[in-house]
Amino acid sequence: MTDQNLGTPVTLPTRRDPACPFDPPEELTRLRDSQPLTRLAFPDGHVGWLVTGYDAARRVLADPRFSVRMDLKHSPLPRRNVLAGSGDKPAPGMFVVMDDPDHRRFRRLLTGQFTVQRMRRLEPRIVQITADHLDAMAKAGPPVDLVQAFALPIPSLVICELLGVPYEDHAFFQEQTAVAVDLEASVEQATVAAGRLTDYFADLVRHKRSSPTDDLLGGLITDSDLTDEELTTIGLALLIAGHETTANMLALGVFALLRHPGQLDAYRADTSLTDSAVEELLRYLTIIHRGSPSRAALADVELDGQLIRAGETVIIGLPAVNRDPARFADPDVLRLGREGARHHLAFGHGVHQCLGQQLARIEMRIGYRMLFERFPALRLAVPAAEISMREASLAYGVRRLPVTWEQA
Amino acid sequence: MRVITDQDRCVAAGQCVLSAPDVFDQREQDGVVMLRDPTPHPDLHDAVRDAVALCPAAAIRAQEGR
Ligand code: HEM
Ligand code: SF4
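The following paragraphs examine the structure supplied in this document. (Residues numbered from 1 in each chain as written. Chains lettered and ligands numbered in written order. Predicted model: local features only at pLDDT ≥ 70, side-chain atom pairs only at ≥ 80, totals over all residues. Heavy atoms only, no water.)

### Considerations on the overall build of chain B
Summing up its helical and strand segments, chain B has two helices and four strands in all. Taking 2.2 N^0.38 as the reference for a compact globule, 66 residues should give roughly 11 Å; the C-alpha atoms of chain B span a radius of gyration of 11 Å, in line with that estimate. Seen along its three principal axes, the alpha-carbon backbone of chain B occupies a region of about 30 × 20 × 15 Å. Taking all contacts inside chain B whose residues are at least 6 apart in sequence as the whole, residues at least 24 apart take part in 55%. For chain B, the accessible area works out to roughly 3,200 Å², and carbon and sulfur atoms hold 45% of it. Put simply, chain B has 7 plus and 11 minus side-chain charges, and the middle of one group is 7 Å from the middle of the other. (Helix = DSSP H or I, 4+ residues; strand = E, 2+ residues; numbered from the N terminus. Rg over C-alpha atoms; globule rule 2.2 N^0.38 Å. Contact = heavy atoms within 4.5 Å. Areas by Shrake-Rupley, 256 points an atom, 1.4 Å probe, with all protein chains shown as cover. Lys, Arg positive; Asp, Glu negative; His and termini not counted. Charge placed at Lys NZ, Arg CZ, Asp CG, Glu CD.)

See the structure below:
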């Protein structure tokens, strides 16, 4: 053991420099550069660990001696994530917080629906949905809030169609989701929102059970032996993971591009940057930014010369991990053609690596490309300093993104 | 180079298919990795090494020099 870590444990750094909303909290970066595996104090008094180095993060996430179970993990957040289940028990079917082999049994029922090939078949429909929203933006005329006009509705509509959730209900579930994931909402408020969402999905599952539909949920009802309770949890998890995350990447990605005009010019001029831009934005922005992923050690594990003891919780500080100079050269520079950008951990690593990553990639590829083709002179409608950031949310992003353009 | 995959470990993330689509595919029903070409052309070796590094489940091995 090294001496430096025997000092006072740190608390999870969350404060970002308002002058640079894309950079990780400075304190997180500083820790990575001085002690990439450090003792972390949790609000409940637990003392665990914070990992901010790339190699160590990969090793923890790939190691079955680290568990995702909520009853074993301490939360670094002001309040727990109510969507994962109530108290210490995971909601039935909530495989996201189960270890293998339970996790694997559920995940394997879904993976066939999210393959590279399957997602490619959705492309024409995603192009259509995106074109419709860009048409509506053009028709409304500037200025518009890009979050409401583009970033939020597109992934919401896509995941609704994929799952078989009526899009007419989007105002309801977007609103409730926003409360459920807002870390500034009280546990009570968040629990009420999560309860409403669960009731809504339970109804939907019952309905589909009596009149089967040709969509992901309908398919699971006919082809698997999942219970209604499990289907409810899984459907809800996919709906939320499917629109919150991608929506934030779309809007934050556009904000980042608008603030890096040289990169944006290069992107517009060169369609071969389409795929690598998505990977570099995922790396540079790393929206899963606060207290997640996290794991609990099931055994004593030695890592980088330190001993993580059984029962201790490890938090992975992804924003700093994805800017680790040991892995990425000039990590704080946004460079859309960056070689090896795909090695980021923005989708996690190990057996829980993001199930929806191929869908998210296609939505971003189509979204950024079509937006800047349709509105080549898109710019912010307010000074950048006025853009308010979602700091206290599980997924980082902008609250609103007012944009404008010259009308032809 | 000889490529070996472990279908039991695979979590169907699709990273290998993105890296080297001529070498890897995903089974339609559950997305589990399928090898299209266990002895890929040297031009594809870098892409296979990328897939090995990116695979979140350590389900791919590449034995070099064969
Ligand atoms: C840019 C968008 C996205 C980002 C940055 C993202 C990020 C992540 C991360 C970091 C994890 C790992 C969590 C952990 O290890 O504890 C994860 C897991 C997951 N994601 Fe995503 N995600 C995105 C989009 C999506 C979409 C579109 C869907 C659904 C359609 C989705 C569904 C899931 C699910 C179900 C898991 C849990 C997988 C498991 O436990 O096996 N995500 N995501
Ligand atoms: S990258 Fe690994 S886990 Fe993902 S599909 Fe390929 S073999 Fe399976």
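### Some points on the interface of chain B and chain A
Counting residues at the interface gives 25 residues for chain B, matched by 21 residues for chain A. Summed over both partners, the interface of chain B with chain A buries about 1,900 Å², with 42% contributed by carbon and sulfur atoms. Scanning the region where chain B abuts chain A turns up two salt bridges. The salt bridge involving Glu28(B) is made with Arg118(A); its shortest N-O contact spans 3.4 Å. Linking chain B to chain A there are 16 residue pairs in polar contact (both at pLDDT 80 or more). The leading source of residues in the side of chain B that touches chain A is helix 1 (residues 15–19) of chain B, at four residues. A breakdown of the residues in the side of chain B that touches chain A according to their chemical character gives 11 nonpolar, seven polar and seven charged. (Buried area = accessible area lost by both parts, 1.4 Å probe. Salt bridge = Lys/Arg side-chain N within 4 Å of Asp/Glu carboxyl O. Polar contact = N/O pair within 3.5 Å; in protein donor to acceptor, adjacent residues only side chain to side chain. Nonpolar A, V, L, I, M, F, W, Y, C, P; charged D, E, K, R; others polar.)

### Brief notes about the sheet that holds strand 4 (residues 144–145) of chain A
All names here are of chain A. Spatial ordering of the open sheet is given by 4-10-9, a layout of three strands whose pairing is antiparallel. Two strands lie at the open edges of the sheet, namely strand 4 and strand 9 (379–380), each paired on one side alone. One ladder, built from two bridges, connects strand 9 with strand 10 (residues 402–404); its direction is antiparallel. Within strand 10, the residue paired with leucine 380 across the bridge is valine 403. (Pairing = 2+ DSSP bridges.)

### Considerations on the coordination of the iron atom of ligand 1
Of all protein atoms, Cys354(A) (SG) alone acts as a donor to the iron atom of ligand 1, lying 2.3 Å away. Among the structural elements, Cys354(A) can be located in the loop between helix 13 (318–321) and helix 14 (357–374). (Donors = N, O, S within 2.8 Å, 3.2 Å for Na, K, Ca; no water.)

### Notes on the site of ligand 2
The local shell around ligand 2 consists of Cys10(B), Val11(B), Ala12(B), Ala13(B), Gly14(B), Gln15(B), Cys16(B), Val33(B), Cys55(B), Pro56(B), Ala59(B) and Ile60(B). Of the residues that constitute the shell around ligand 2, the class distribution is 10 nonpolar, two polar and no charged. (Near = heavy atom within 4 Å.)

### Section: the site of ligand 1
All names here are of chain A. Lining the immediate surroundings of ligand 1 are 27 residues, of which His103, Arg107, Arg295, His352 and Cys354 lie closest. In the environment of ligand 1, an oxygen atom lies 2.6 Å from a nitrogen or oxygen atom belonging to the side chain of histidine 103. Taking histidine 352, its side chain carries an N or O atom lying 2.6 Å from an oxygen atom of ligand 1. Residue assignment for the shell around ligand 1 shows that the elements contributing at least two residues are helix 3 (102–111), helix 10 (228–258) and helix 14. In terms of residue count, helix 10 provides more of the shell around ligand 1 than any other element does, six residues in total.

### Describing the nonpolar core
Grouped together as the largest cluster of nonpolar side chains are 88 residues, with contacts concentrated most on Leu371(A) and Leu401(A). Looking at which element gives the most residues to this core, the answer is helix 10 of chain A, with 16 residues. Counting 20 residues, the second-largest nonpolar core is a separate cluster that includes Val3(B), Val32(B), Val33(B) and Ile60(B). (Core = buried A, V, L, I, M, F, W, Y, C linked by side-chain atoms within 4.5 Å. Buried < 20%, exposed > 50% of the residue type's maximum accessible area, 1.4 Å probe, protein only.)

### Thoughts on the side chain of Glu280(A)
All names here are of chain A. On the secondary structure map, glutamate 280 appears in helix 12 (residues 274–285). On the basis of relative accessibility, which here comes to 0%, the residue glutamate 280 falls in the buried class. Apart from the residues within four sequence positions on either side, glutamate 280 is in contact with Val333, Leu334, Arg335, Leu336, Arg338 and Ala341.

### A few points about the sheet that holds strand 1 (residues 37–41) of chain A
All names here are of chain A. Within the open sheet, the five strands sit side by side as 1-2-8-5-3. Their pairing is mixed. With one partner strand each, in any of the chains shown, strand 1 and strand 3 (66–67) form the two edges of the open sheet. Inspection of the sheet shows strand 3 paired to strand 5 (residues 294–297) by two bridges, in the antiparallel sense. The residue of strand 5 that forms the bridge with serine 67 is alanine 296. Against the sheet, helix 2 (residues 54–62) engages strand 2 (47–51), strand 3, strand 5 and strand 8 (313–316), with an angle of about 125° to strand 8. (Axes fitted to C-alpha atoms, helices over the stretch in contact; angles between N-to-C directions.)

### A look at the environment of His45(B)
Residues and elements named next belong to chain B. Along the chain, the position of histidine 45 falls in helix 2 (residues 45–54). Taking the C-alpha atoms as reference, histidine 45 lies 9.0 Å from alanine 20; in sequence the two are 25 residues apart. Beyond its immediate stretch of four places on either side in the chain, histidine 45 contacts Met1 and Pro40.

### Some thoughts on the pairing of strand 1 of chain A
Residue and element names in this part refer to chain A. Among the five residues that make up strand 1, four are buried, leaving the element largely enclosed by the rest of the structure. Relative to strand 2, strand 1 is paired through five bridges, and the arrangement is antiparallel. Following the sheet pairing, leucine 37 is matched in strand 2 by valine 51. Linking strand 1 back to strand 2 in an antiparallel pair, the connection comprises five residues, with glycine 45 at a positive phi of about 100°.

### Looking at the packing of aromatic side chains
Residues and elements named next belong to chain A. Tallied over the entire structure, the rule returns six aromatic pairs over all chains. Site record: aromatic cluster; members linked through ring pairs are Phe22, Phe255 and Tyr284. The side chain of arginine 39 reaches across the aromatic face of tryptophan 49, ending 4.1 Å from its centre. The ring of phenylalanine 106 is capped by arginine 105, whose NZ or CZ atom sits 4.5 Å from the centre of that ring. (Phe/Tyr/Trp six-rings, centres within 6.5 Å; stacked < 30°, edge-to-face > 60°. Lys NZ or Arg CZ within 6 Å of the ring centre and 35° of its normal.)

Everything listed here is a matter of coordinates, which is why it stays silent on function.
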